Amino acid sequence: MLDLKFIRANPELVKEGLAKRKEDINIDRLIELDEKRRSLLTEVEQLKSKQNSVSKDIPKLKKEGKDVQPIFEEMRLLSESVKLMDGQLKEIEAEIQDMLYSIPNIPHPSVPVGDTDEDNVPVRHWGEPRKFDFDFKAHWDIGTDLGILDWASAGKVTGARFTFYRGAGAALERALINFFIDVHTKEHNYEEVFPPFMVHRNSMVGTGQLPKFEEDAFKVHNTEYFLIPTAEVPVTNIYREQILEPGVLPIKHVAYSACFRAEAGSAGRDTRGLIRQHQFNKVELVKFVEPETSYDELETLVNDAERILQLLNLPYRVSMMCTADLGFTAAKKYDLEVWMPSYNRYVEISSCSNFEDFQARRAEIKYRPAIGEKARYIHTLNGSGLAVGRTVAAILENYQQADGSVVIPEALRPYINGLEKIEKK
RNA sequence: GGAGAAGUAGCGAAGUGGUCGUAACGCGCCGCACUCGAAAUGCGGUUGUCCGCAAGGGCACGUGGGUUCGAAUCCCACCUUCUCCGCCA
C-alpha cells in the first residue's frame, strides 16, 4: 500500500510508476476522494468538539440545578448530524481504502521497464549447463522410472498438480529442507521459524495477497482461514501492528512451510512435473530492516539464496525482473533461475524482493530508530531459499546418469544418510 | 464441543454512566540532582494515530454494532487468552 500523503504530494510520480506497470488506476479520482474526506472530516470534528465541550458542562449545570432539557434537545440534533456525517465519511474512507489496496508498488528506478519476461535482465551466471552425451530425460520421467515420484497415486487420491514422493524421493525432499535451513541458520544467521500453514484474512491483506488475488488462494471450507501460498505471509505478520524497539533490526527469519496455490489462470502450463503444483514445499527467507539499508539487504538476500545453488553445484543465473514480472507488492525483484535441461532454459527457483514499506504500511509494522524518536515504517524483504520441489527437479535432471540413476550432490549426503546415488530398485 | 473468568499505556493494575484517558498507583525505561562511581533516594519525563501551515481539534479501554445529551462503564455479536469438563495426535 502506498502512502496517501505521498500520492497527494506526488501524483505524477505515482502515475508514471503505474504506467510502467501498465496499470490503469484513476489517481485523480483518489485525490478527489481524499479532498472530500478531509473537508468532511474537519466539519464533523468541529461538531464533535462542540459535543464534547457541552457534555463536559452538563454535570456542572445539573449540580447548579439548571434545566438541562433544552440542551439535551439541541444535542440530540447535533448527535444525529454527527452520525450522518460519520456514515458518509465511512463510505468515502472505504472507497479510498479499496483503491489503495488495489494500487501496486511503485517500481524502483533501477527496475527495467518491460512487457514480458523477455525484458528481464540477466545480471550474472554461475556454473555451466551440462553437456549430455546420452539422451537425457525430464525429471518427471526420471522420478517415475526410479519409483520416487508417483503421479498416478496423487491423481487418484487428490487430483492433478499433486504428487507423492516415495522412498529416496521423499527422503531427498526432506533432506533438502533440513539442508536449506541449516545453511541459513548457521552460515547466514537467520532465526528459524515454523509457522502455521493457515492464516486469517487480515494476514493475507497485510502481505498483499488479498483483497486483489483471492482467486489464487485456497480458502478452507467452514472457516475464514486461507492456506498460505508462502511462509512469507505468516512470518511477516508476526510483527503486524507492532512498533519494534531500537536496536532489534535487522530481523532475519528462515521458515520452512508447505505452500498452497490455486494456480488460477495457469491451466495447461507446466502440467507435468514438479514445477507448478498446488502444494509444494519452500524454505523462505524474510527480513525486516531499516529503510536506509533495504537495497543492500536485498543484495545479501540474493547471495544467501545463491549460496544454496552453489553448494549443490547447480548452474543458475540471476535476473532482474522487469516491470511486467515484478509482482504486485515488490519495488524490485531478482529471480534465481536454475538450469533445467528438459526445458533447455533457466527456470525460476527463487524470487527475492524488496517491498520497501509497501507491506509494512498494510501490516502496520514500524520501528523506533532511537529512544524518544518517532516510529517509522520498516522495509520488508523476502526470498525463497529455495523452492524445494523445483530443487528436486533440478537435481534429478542435472545429476542424472546414462543408466537412469541420479547422483546425490555431495553437500546433501550428510542429510540423507550418506546416500550417494538413487538407483532403480 | 460444553461451562466459567478475563481483555485498559512496554508490563502489572485502578476506574462499573458525566466534571482525571495528556489513564490513579506500582514496575520498567529516559533525563536531572545527590555520589569518586554505582546502588538507594528525590524531582521531571515516558501511547499511538488522524485533520491542520499553525493555533487547535478528532479518534482509540480486544474488535464491530447498539442504547444515551453523554459509554472503559449498560446491551448484542464476534475475536483472543486462562481455568475446568469432554474429545483427540
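Because the structure is predicted, anything quoted here is derived from the model rather than measured.

Asker: Account for the protein's contact with RNA strand B, naming residues and giving values.
Answerer: Around RNA strand B, 25 residues are found, and the nearest of them are Arg38, Pro59, Lys62, Lys90 and Lys366. Atoms of RNA strand B within 4 Å of the protein belong to the sugar or the phosphate in 70% of instances, the rest to bases. At 3.4 Å from a sugar or linking oxygen of RNA strand B is found a side-chain nitrogen or oxygen belonging to serine 49. Here lysine 62 contributes a side-chain N or O atom positioned 2.7 Å from a base oxygen of RNA strand B. Mapped onto the surface near RNA strand B, the elements with two or more residues apiece are helix H1 (4–9), helix H3 (27–63) and helix H4 (69–102). Of the residues belonging to the surface near RNA strand B, the class tally is six nonpolar, five polar and 14 charged.

Asker: Residue-level account of the side chain of histidine 379, with values.
Answerer: Along the chain, the position of histidine 379 falls in strand E15 (residues 379–387). Here the side chain of histidine 379 touches serine 294 through a polar contact of 2.8 Å, side chain to side chain. Once residues lying within four places of it in the same chain are set aside, the contact partners of histidine 379 are Lys287, Phe288, Val289, Pro291, Ser294, Asn354, Glu356 and Asp357.

Asker: Account for the confidence of the model for chain A, with residues named and values stated.
Answerer: Parts of the model with low pLDDT should not have their predicted coordinates read in detail. Per-chain confidence: chain A averages 94 in pLDDT, with 100% of residues scoring 70 or above. Our summary of model confidence lists the complex with pTM equal to 0.94 and ipTM equal to 0.88.

Asker: Just give me the short version of unusual backbone geometry, but keep the residues and values in it.
Answerer: The omega torsion across leucine 249 and proline 250 is -5°, close enough to zero to call that bond cis. Following the sequence through the fold, proline 250 ends up in the loop between strand E7 (242–244) and strand E8 (251–260). Residue leucine 386 follows glycine 385 across a cis peptide bond; omega there is 10°. Relative to the assigned elements, leucine 386 resides in strand E15. Of note in the backbone geometry, glutamate 356 takes a positive phi value of approximately 50° without being a glycine. Mapped onto the secondary structure, glutamate 356 falls in the loop between strand E12 (345–354) and helix H11 (358–363). Unlike most non-glycine residues, asparagine 417 shows phi in positive territory, near 55°. Residue placement: asparagine 417 occurs in the loop between strand E16 (406–407) and strand E17 (421–422). Note on asparagine 417: relative accessible area 81%, which makes it exposed.

Asker: Give a detailed account of the packing of aromatic side chains, specifying residues and quantitative values.
Answerer: Tallying each qualifying case throughout the model produces 12 aromatic pairs. Ring centres of phenylalanine 132 and phenylalanine 136 lie 4.7 Å apart, and the angle between their planes is 35°; this geometry places the pair in the tilted category. Between tyrosine 239 and phenylalanine 288, the aromatic rings sit 4.7 Å apart at their centres with planes inclined by 70°, giving edge-to-face as the arrangement. Of this pair, tyrosine 239 sits in the loop between helix H9 (232–236) and E7 while phenylalanine 288 sits in strand E9 (residues 279–289), placing them 49 residues apart in sequence.

Asker: Could you give me a rundown of the sheet that holds E12, with the residues and numbers involved?
Answerer: Strand order in this open sheet of eight strands is E1-E10-E11-E12-E15-E9-E8-E4, and the pairing throughout is mixed. Both edges of this open sheet fall to strand E1 (121–126) and strand E4 (191–193), since each of them pairs with a single strand only. Sheet twist, expressed as the mean angle between neighbouring strand axes with direction ignored, is 25°. Alignment of strand E11 (residues 332–340) against E12, held across nine bridges, turns out to be antiparallel. Looking across to E12, one finds that glutamate 337 is bridged to glutamate 348.

Asker: Mind laying out H4, listing which residues take part and the relevant values?
Answerer: Across its 34 residues, H4 extends 49 Å between first and last C-alpha, which sits within 8% of the 50 Å expected from 1.5 Å per residue. Lining the buried residues of H4 we find H1, H3, helix H8 (201–207) and H11.

Asker: Break down the packing of helix H7 (residues 168–187) against helix H12 (residues 388–398) for me, with residues and values.
Answerer: Between H7 and H12, whose axes approach to 10 Å, the crossing angle comes to 115°. Compared by their axis directions, H7 and H12 come out roughly perpendicular. Helix-helix and strand crossings are classified by hand; for H7 and H12 the assignment is right-handed. On H12, the residues that touch Leu172, Glu173, Leu176, Ile177 and Phe180 of H7 are Val388, Gly389, Thr391, Val392 and Ile395. Grouping the constituent residues of the contact of H7 with H12 by class yields seven nonpolar, two polar and one charged.

Asker: Break down the pattern of salt bridges for me, with residues and values.
Answerer: Here the structure, examined in full by the defined rule, presents 33 salt bridges. We note a salt bridge from glutamate 306 to arginine 124, for which the minimum N-O separation is 2.6 Å. Of this pair, glutamate 306 sits in helix H10 (residues 294–311) while arginine 124 is found in strand E1, placing the two residues 182 residues apart along the sequence. Assessed through its relative accessible area of 4%, glutamate 306 is described here as buried.

Asker: An account of the nonpolar core is needed here, citing residue identities and associated values.
Answerer: Core analysis: the largest hydrophobic core is formed by 59 residues, its most contacted members being Leu176, Phe180, Leu312 and Leu412. Ranked by residues supplied to this core, first place goes to H7 with nine residues. Judged by nonpolar contacts, the second largest core, of 33 residues, contains Ile92, Leu100, Val205 and Ala217.

Asker: Would you mind going over the pairing of strand E10 (residues 316–320) in detail, with residue names and values included?
Answerer: With four of its five residues buried, E10 lies for the most part within the structure. Sheet analysis places E1 next to E10, joined by five bridges and oriented antiparallel. Bridge pairing in E10 places tryptophan 126 opposite tyrosine 316. The pairing of E10 with E11 spans five bridges and is classified as antiparallel. Residue pairing in the sheet places methionine 320 in a bridge with tyrosine 334 of E11.

Definitions and cut-offs
Residues numbered from 1 in each chain as written. Chains lettered and ligands numbered in written order. Predicted model: local features only at pLDDT ≥ 70, side-chain atom pairs only at ≥ 80, totals over all residues. Heavy atoms only, no water. Near = heavy atom within 4 Å. Polar contact = N/O pair within 3.5 Å; in protein donor to acceptor, adjacent residues only side chain to side chain. Helix = DSSP H or I, 4+ residues; strand = E, 2+ residues; numbered from the N terminus. Nonpolar A, V, L, I, M, F, W, Y, C, P; charged D, E, K, R; others polar. Contact = heavy atoms within 4.5 Å. pLDDT = per-residue confidence, 0-100. Buried < 20%, exposed > 50% of the residue type's maximum accessible area, 1.4 Å probe, protein only. Phe/Tyr/Trp six-rings, centres within 6.5 Å; stacked < 30°, edge-to-face > 60°. Pairing = 2+ DSSP bridges. Axes fitted to C-alpha atoms, helices over the stretch in contact; angles between N-to-C directions. Expected span 1.5 Å × (residues − 1). Parallel < 35°, antiparallel > 145°, perpendicular 65-115°, else oblique. Left-handed = near helix turned anticlockwise from the far one by under 90°. Salt bridge = Lys/Arg side-chain N within 4 Å of Asp/Glu carboxyl O. Core = buried A, V, L, I, M, F, W, Y, C linked by side-chain atoms within 4.5 Å.

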